[in-house]
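Structural overview for review
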Amino acid sequence: MAEVRLKERLKRPEVTIQLRPFHRKVHQVLLENKVDSFIASIIARRIDDPEHALKFANLKLKFLTSPHLLKDATKAAKRIIQALERGEVIGLETDHDCDGQTSHVILHVALTNIFNHPVGKIRSYIGHRMAEGYGLSDKLAQRILDDDMRPTLIITADNGSTDEARIALLKSQNIDVIVTDHHAIPEEGVPQSAYAVLNPTQKGCEYNDPFIAGCMVAWLLMAEVRRLLLLEGKPINSDCQLTDLLDFVAVGTVADCVSMAKSINNRVVAYYGMHKISQLTRSCWSSFSDHFHHKVDSEFLGFVIAPLLNSDGRMSDALSSVSFLLNEDHQKTKQWVEFLQQQNNHRKAIQKDMTAKAMSEASKQYAKGASSICVYLDDGHAGVHGISASRIKDSFGLPTILFSPKQGEDDIITGSARSIDGLNIKAVLDLIYQNTTDILIKYGGHTGAAGLTIYKDKFVEFSQSFNDYCQKAIAENNITATPIIYCDGELTAEEFTLKHVEKFALLEPYGREFEAPVFCNKASIYSFKWVGKESQHLQLMLTIHGKTLKSIWFFADEYLDDADIQVGEEVQVAYRLSKEHFNGQTYVSLKIVHLAKLTHQRQIL
């Protein structure tokens, strides 16, 4: 007799399957330019500009926007060249996540390998997430000032736009600060004490792409330094090219979930960077080769490489990941991969416990009609609550903030915020900051995600304000605040082929706003079984259009138990077409995104 699975049933909204809008003009132009019809239909459900779509179908490096269009890029590059010529100590201060880590490596390699600056005159600083907090914090600024080899120039990456006070302190001690960042500029404007600020979101910037990641801004600055050095006839190492660093830009870009639809720059650097990684010319990437089950793609970057690197910044000191990426000793990088895997497993265990507790509390708030989710976990871990916040946001279709204690400061809690489509969470935090007093200590971020610190005793007051402003924004912008899965329609019987799976690879990279295709069909359950160490995944054989297809739904136990599913039942299934290798054979399989009885499935098709 099969084991009966009993789980706490959380109250949560039904999932909506929504068909992506189809832009006929885009589809027509692509067909006229000899683009495959199936590929054209995928693009036409993501891009509304024909000219833009044509570039997406044939990515080239020449599509990259010129770096000198970034405001302050030339000014910053001249200061860096001055530091190179004077032999100054240059400090690199970057964020602790994957975007920050790859930014750090890009700056380090460019300065030393291309521009020939001595490695001994580069100082690396990354704030310890738990002990020092986000960005250029007070503690990190003091650590810079206390350094025996104090730098005279600091280059930030993936942070700095909201750190005027610390930048002013460094300036008062004769340290110039060049800010490179991509996060939203605060209400008061860019940090006035910075020597230069490179941020495509700032006013007066002619670089027409505000969607690039922090690592891309850092790479563009190095491109401008190179341009000026060549213009002035000064020596550089021609054996190392900036395009050789696009592998790091690709990892940081994919990991930071920036738009892959609105930015041709993001698509180009990710595309060429993935090809660079697949060549295994760096020790760090060859150490991942045991994980290469197929061609390197955005899924591999986003779900294998990025989580391992991010776990270091969440659980420990992110400089170890930087060292791993820079190291050329294959034996050592193999050991680092093993270490990062152990750290990531530890992160997963903490995250699983946090997510379960947060889901339970979120369910209670949803049941009371909340327009947002705010959860504080007294035993939470600030290093991983962003991942849990994303899971809750996806499950309830509501803007979510998950708070945890700040290490060493009992009266302060830190939060990671994740938003839904159409709601600018940074703008909501701006309103709270402008209209309340003594709640928000520090915050920053962009449309879809943000980080913040508040006083612990203000949590209830903050939660109410956050909910009020979210409710207002949802109403004013006519936002559908429910979990939505966007799909590309149904597949016919003839389209369940390996040839169609391979066509998807031609549209890499996938990512935010240019997600991998999801299709939706009616199906009959031929068989099923629970698999995994904790029987949390559901393996099924589904019959669609007379074809029986092997399928897997990861973490299905969060949505179903044995009472919800039975052989022979008719269901609606949303899935990604995939391929599986077994016993020397390759065949089509399905990765299920969602499955429900036809009577229970909410649809907008």
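About the thresholds
- Residues numbered from 1 in each chain as written.
- Predicted model: local features only at pLDDT ≥ 70, side-chain atom pairs only at ≥ 80, totals over all residues.
- Heavy atoms only, no water.
- Pairing = 2+ DSSP bridges.
- Helix = DSSP H or I, 4+ residues; strand = E, 2+ residues; numbered from the N terminus.
- Phe/Tyr/Trp six-rings, centres within 6.5 Å; stacked < 30°, edge-to-face > 60°.
- Buried < 20%, exposed > 50% of the residue type's maximum accessible area, 1.4 Å probe, protein only.
- Lys NZ or Arg CZ within 6 Å of the ring centre and 35° of its normal.
- Contact = heavy atoms within 4.5 Å.
- Axes fitted to C-alpha atoms, helices over the stretch in contact; angles between N-to-C directions.
- Left-handed = near helix turned anticlockwise from the far one by under 90°.
- Nonpolar A, V, L, I, M, F, W, Y, C, P; charged D, E, K, R; others polar.

With respect to the pairing of strand 15 (residues 547–553)
- Here 7 bridges tie strand 14 (residues 537–544) to strand 15, and the two strands are oriented antiparallel to one another. If you follow Met541 over to strand 15, its bridge partner there is Lys550.
- Linking strand 14 to strand 15, which pair antiparallel, is a turn of 2 residues; within it His545 sits at a positive phi near 50°.
- Of the pairings in the sheet, the one linking strand 15 to strand 17 (residues 585–597) comprises 3 bridges and is parallel in character. Each bridged residue has a counterpart across the sheet, and for Lys550 the counterpart in strand 17 is Ser589.

Looking at the packing of aromatic side chains
- As enumerated under the stated definition, the model contains 16 aromatic pairs in all.
- Considering the side-chain rings of Phe462 and Phe466, the 5.9 Å spacing of their centres and the 10° angle between planes classify their relative orientation as stacked. Of the two residues, Phe462 and Phe466 both sit in helix 17 (residues 459–476), 4 residues apart, roughly one turn of that helix. Accessibility assignment for this pair places Phe462 and Phe466 in one class, buried.
- Among the aromatic residues, those joined into a cluster by ring pairs are Phe38, Phe496, Phe504, Phe519 and Tyr575.
- A cation sits over an aromatic face here: Lys75 above Tyr195, 5.1 Å from the ring centre.

With respect to the side chain of Asn159
- Residue placement: Asn159 occurs in the loop between strand 4 (153–157) and helix 7 (164–172).
- By relative accessible area, which is 6% here, Asn159 ends up buried.
- When residues no more than four places from it in sequence are discounted, the contact partners of Asn159 are Glu93, Thr94, Asp95, Gly135, Leu136, Val179, Thr180 and Asp181.

Examining the packing of helix 13 (residues 319–326) against helix 14 (residues 330–367)
- Here helix 13 crosses helix 14 at 145°, and the two axes come no closer than 9 Å. For the crossing formed where helix 13 meets helix 14, the hand is left-handed. Contacts between helix 13 and helix 14 involve Ser320, Ser321 and Phe324 from the former and Thr333, Trp336, Val337, Phe339 and Leu340 from the latter.
- Looking at side-chain class alone, the contact of helix 13 with helix 14 contains 5 nonpolar, 3 polar and no charged residues.

What about the sheet that holds strand 5 (residues 176–180)?
- Sheet architecture is open: 5 strands sit in the order 3-2-4-5-6, paired in parallel fashion. Only two strands of the sheet have a single partner each, and these edge strands are strand 3 (122–126) and strand 6 (196–198). Averaged over all adjacent pairs, the angle separating strand axes in this sheet is 20°, with direction ignored.
- Here helix 8 (residues 214–231) sits on the sheet in contact with strand 4, strand 5 and strand 6, set at roughly 120° to strand 5.

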